[in-house]
Amino acid sequence: MPEIRLSDQCKPSLTPRFQRPSWLSTASFALFLGFFLWSLAGAGMSISDLIGGLPNMGTIAGEMFPPATDRAGPIMEAILVTFQMALVGTVIGVILSIPMALLAARNTSPHPLVRHLTRSIISFLRTVPDLAWALFFVVSVGLGPFAGTLTIIVDTIGFCGRFFAEAMEEVDPGPSEALDSIGTSPLDRIAVVQIPGALPNMINTSLFSLEKAVRSSVVLGLVGAGGIGAELAISMEMFRYDQAAYIILMIFILVYAVEHLSSRLRERLMHQSQ
Amino acid sequence: MTSIASPLLPQTVVSEQSTTSSLQVYGLTKRFHGTTTPVFKNVCFNIYKGQSVALIGANGAGKSTLLRCCVRLIEPDEGNIVLSGEALSSKKGRELKKARNRVGFVFQKHCLVPRLSALTNVLHGNLAHRSGPRNWSQCWARQVDRDRALHYLDQVGLADLWNKRCDQLSGGQSQRVAIARALMQEPSILFADEPTASLDPNSGQVIMELFAKLSKAQNLTLFFVSHHVEHALYYADRIIGLRNSELQLDCASGTENTASLRGFYA
């Protein structure tokens, strides 16, 4: 192979491997570092407390084994209710998210004002934490799974509304323009282009939302919104760590099963045509 | 080459088969926002029913813009359009959409819905005339419409692939489905914007032959944009050309040769 020689005149000069950061980058990094160190104190980080707590952790972990199955029946019932809350809340939330997303997406919204208003509502629903919604609904409709289901509906609209709208905005505009050119109605274009085009993303988001709802419905019970959370809180308060271990194991099996099934379902639905 | 003197008037290159106008364009001008030079100005032509007309011109000459302006997908700044005897310029909203129902459009990119089957995509051509869920998917379409959609798929040679998802079809097959969708609409005039641009030469020729065969068989008016001088010469009755923002060519395709038309791209 002939050797390629470059004369000194036409050799390109190499730029340095690393460039010196600008003073603005250095100052920003220093500011971030300072804030982080200050936050460590604010977050109550304490190595001595952690070391001091290790024996307690060991004791609790020891008492957790073997997990107690003496209340297996009521716990399984509570696990089922938790899943039912998550399922019903997610399905209703997903259904309600579709019109919200259509109003919030740039390419389907009837007017910019409607889009901004809908986006603001969705943002509000999303930014208020689910525990705050749960407390609100417990006070409004009383203790029990209904308050939890309402919380999941609201949380799902906040989550799916945003991602469905983004999925619709990402749909290739070509097919919609093609159908617009022959005079089809906006509703037809939404039904045959926007929704099928956004469907893979919408299915993904819905299944993630179900997984999120299952995890969230576990915690909702802690504030009286039904489900397994209440059982867990009672077990911990009564120092029945073995019973708590059984509940945690059941929660793990539920969450794992939902995640596994949802990814299998996602794969199947992605490859189906109409 | 037939050069057109300005001011332009509707041209008189008339197809032998008809003297009824399918599309008349008078003094069409379009400027894009922030530019001083118009994309085209004072464009006039008259396409007769059953004619096959090729629109040629260099890149950026405004061919696609002119095609879209003819159905007001892009609003022209000046000029009048008469489509099948109806003035399009004054129409708004629902009336404009109704007028567009008679115009089939095939784009450079096939513009099919990728996740849906070929048959469902063809069925969507029906939405131009009948709105509603019965035409959203072949699953719940009327039997008569399913049969028609399959008939048009058969005409483009893809009846066997009716249930195949469009994202699993080749570029040429997808473009054939787009033609079937346009035919499903039963248009009186078919517009095609560089329908072979994304295809290899052989597939491109197959598509153009299909266009020519089907438009003649159904007495459709065909108005297509092409970069291929050969396609314009072989598949069009008439060629019109845009250059320097003006319509500078309007001739019967038999009167020109490849070399003279290539000069039009210089």
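Quantities reported herein were computed from a predicted structural model and do not represent experimental measurements. (Residues numbered from 1 in each chain as written. Chains lettered and ligands numbered in written order. Predicted model: local features only at pLDDT ≥ 70, side-chain atom pairs only at ≥ 80, totals over all residues.)

1. Description of unusual backbone geometry
For step 1, the next point in the chain: Following Phe65 of chain A, the chain continues to Pro66 of chain A via a peptide bond in cis, the omega torsion being -5 degrees.
For step 2, the next point in the chain: Relative to the elements of secondary structure, Pro66 of chain A occurs in the loop between α2 (47-64) and α3 (72-104).
For step 3, the next point in the chain: Here Cys111 of chain B, not a glycine, exhibits a phi torsion of approximately 60 degrees, which is positive.
For step 4, the next point in the chain: Looking at the element boundaries, Cys111 of chain B is found in the loop between β6 (103-106) and α3 (118-123).
For step 5, the next point in the chain: In this structure Cys111 of chain B comes out as buried when scored by C-beta crowding, with 23 C-beta atoms within 10 Å.
For step 6, the next point in the chain: Unusually for a residue other than glycine, Asn219 of chain B sits at a positive phi of about 50 degrees.
For step 7, the next point in the chain: Here Asn219 of chain B shows up in the loop between α6 (201-217) and β8 (221-225). (Helix = DSSP H or I, 4+ residues; strand = E, 2+ residues; numbered from the N terminus. Buried ≥ 20, exposed ≤ 12 C-beta atoms within 10 Å, placed from the backbone.)

2. Considering the pairing of strand β2 (residues 40-48) of chain B
Residues and elements named next belong to chain B.
For step 1, the next point in the chain: Along β2, 8 of the 9 residues are buried, which leaves the element largely enclosed by surrounding structure.
For step 2, the next point in the chain: The pairing of strand β1 (residues 21-30) with β2 spans 6 bridges and is classified as antiparallel. Note that in β2 the partner of Ser21 across the bridge is Tyr48. (Pairing = 2+ DSSP bridges.)

3. Quick look at the sheet that holds β2 of chain B
In a beta sheet, neighbouring strands are held together by backbone hydrogen bonds and run either parallel or antiparallel to one another.
All names here are of chain B.
For step 1, the next point in the chain: Taken in spatial order, the 4 strands of this open sheet run β2-β1-β4-β5, and their pairing is antiparallel. The two strands at the open ends of the sheet, each matched to only one other strand, are β2 and β5 (86-87).
For step 2, the next point in the chain: Pairing of strand β4 (residues 78-83) with β5 involves 2 bridges; the strand directions are antiparallel. What sits directly across from Leu83, in β5, is Glu86.

4. Points about the pairing of strand β7 (residues 189-193) of chain B
Residue and element names in this part refer to chain B.
For step 1, the next point in the chain: With 5 of its 5 residues buried, β7 lies for the most part within the structure.
For step 2, the next point in the chain: Where β6 meets β7, 4 bridges bridge the pair, whose relative direction is parallel. Along β7, the bridge assignment pairs Phe105 with Phe191.
For step 3, the next point in the chain: As paired strands, β7 and β8 are joined by 5 bridges and run parallel to one another.

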